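Listed below are the residues making up each chain.
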Amino acid sequence: MSTALRRGLFLVLLLIAWEAGFRIFDWGWKFPSVTQTFQAFYDGFVHGQLLEATFQSLTRLLLAFAISILVGTVLGFLFARYRLIDDTIGFLVVALQTIPSIAWLPFAIIWFGMNDFSVIFITTLGATWTMAMASRTGIKNIPSIYIKAAQTMGTGDGMRMFYQIMVPAAFPHMITGVRVAWAFAWRALVAGELIAKGVGLGQLLQDGRNLADTALMLCIVIIIAVLGTVSDHFCFKRLEDKLLLRYGLISGKK
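Residues numbered from 1 in each chain as written. Predicted model: local features only at pLDDT ≥ 70, side-chain atom pairs only at ≥ 80, totals over all residues. Heavy atoms only, no water.

Colleague: How should the environment of R187 be read in this particular structure?
Modeller: Structurally, the position occupied by R187 is in helix α8 (residues 159-195). For the pair formed by R187 and F38, sequence separation is 149 residues and the distance between their alpha carbons is 24 Å. (Helix = DSSP H or I, 4+ residues; strand = E, 2+ residues; numbered from the N terminus.)

Colleague: It is not clear to me how a nonpolar patch on the surface should be interpreted in this structure. Could you clarify?
Modeller: A surface patch of nonpolar side chains, about 400 Å² in accessible area, is lined by L63, I67, L70, V71 and V74. Here L70 lies in helix α3 (residues 49-81). (Patch = residues over 30% accessible without salt bridge, like charges linked within 9 Å, V, L, I, M, F, W, Y side chains within 5 Å. Areas by Shrake-Rupley, 256 points an atom, 1.4 Å probe, with all protein chains shown as cover. Salt bridge = Lys/Arg side-chain N within 4 Å of Asp/Glu carboxyl O.)

Colleague: Explain the packing of aromatic side chains to me, please; I cannot follow it from the model alone.
Modeller: Aromatic ring pairs: the centre-centre distance and the angle between the two ring planes describe each pair. Across all of its chains, the model carries 14 aromatic pairs by this definition. With a centroid separation of 5.6 Å and 45 degrees between ring planes, the pair formed by W104 and F107 is classed as tilted. W104 gets classed as partly exposed once you look at its relative accessible area, which sits at 24%. Note on F107: relative accessible area 41%, which makes it partly exposed. Aromatic side chains F112 and F121 sit 5.5 Å apart centroid to centroid with 55 degrees between the ring planes, which places their arrangement in the tilted category. An aromatic cluster of at least three residues, connected via ring pairs, comprises W18, F22, F25, W27 and F31. (Phe/Tyr/Trp six-rings, centres within 6.5 Å; stacked < 30°, edge-to-face > 60°. Buried < 20%, exposed > 50% of the residue type's maximum accessible area, 1.4 Å probe, protein only.)

Colleague: For this particular structure, what's the right way to read the UniProt feature "transmembrane region" (unreviewed entry) in the chain?
Modeller: Mapped onto this numbering, the UniProt entry gives "transmembrane region" (unreviewed entry) at residues 61-79, 91-113, 119-139, 160-184 and 215-236. Each end of residues 61-79 is marked by a C-alpha atom, and these two atoms are 26 Å apart; helix forms 100% of the span and strand 0%. The span residues 91-113 is 65% helical and 0% strand by assignment, and the distance between its end C-alpha atoms comes to 30 Å. (UniProt positions renumbered as here; feature names shortened; annotations may be inferred.)

Colleague: Help me understand unusual backbone geometry in this model?
Modeller: Note on backbone geometry: most residues besides glycine have negative phi, and most peptide bonds are trans. Here the phi dihedral of D26 falls at roughly 55 degrees; this positive angle occurs in a residue that is not glycine. In this fold, D26 is placed in the loop between α1 (3-25) and α2 (34-46). Given a relative accessible area of 64%, D26 falls into the exposed group. One non-glycine residue with positive phi stands out, namely A212, at about 55 degrees.

Colleague: What exactly am I supposed to notice about the environment of F107 here?
Modeller: Residue position: F107 is located in helix α5 (residues 105-112). With 11 residues separating them in the primary sequence, F107 and S118 have C-alpha atoms 8.7 Å apart.

Colleague: It is not clear to me how the packing of helix α7 (residues 144-152) against α8 should be interpreted in this structure. Could you clarify?
Modeller: At a minimum axis separation of 11 Å, α7 and α8 run at an interaxial angle of 155 degrees. Looking at the two axes, α7 sits roughly antiparallel to α8. As for how α7 packs across α8, the hand of that crossing is right-handed. Touching Y146, I147, A150 and Q151 of α7 are M161, I165, M166 and A169, all from α8. (Axes fitted to C-alpha atoms, helices over the stretch in contact; angles between N-to-C directions. Parallel < 35°, antiparallel > 145°, perpendicular 65-115°, else oblique. Left-handed = near helix turned anticlockwise from the far one by under 90°. Contact = heavy atoms within 4.5 Å.)

So this is what it looks like as structure tokens:
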């Protein structure tokens, strides 16, 4: 039995168990049934509510994620190449990594107001520190022969060394950081949208809570899970597999 077939069968059994649990245990409004959830999906997409919220959230997420990848990669390079920066700012980043990004939302609201800038700010923070530490690890694990060979060929120690040698060589480690940063960015985004104003999945989740609309709330949870899984499987995982295959870290045979 193929993996896709096994997963499809599992989902069918899960839906049956879900509907049976709703009817047997009489969950009422506390947790929706399968049919109620499908109806909420239909209403949300027909009236455009879920589509607009998903689009707005993805726009914020992709912008913040791009910033975090850029900033995190540069910070990782600096930490790996300069001992003084690693011992000072690098030590601070390790401390900041333990702080939930939502803890910075009150500061963001004071600085930027209850708008998109606040949400993008904490979403960027949620992914930047993870990306910085993954980049640092990847660059530190580059074989020294690569660096010496590049210097011998006239690459130097500046930006050419960074984007021509270090970033490609550190990709196998960095792609893991990218996948984790993507998950962290989603968490920070939804947490920020729960509080800040504006259209988004987090705000729609808050509206569902205020209305005790558990079907709508579950729809949003499912959308977030599907988007996160699909993007990770069809984008990041495939890129990771290609990079590992290119560097000979996995076999091309299945």
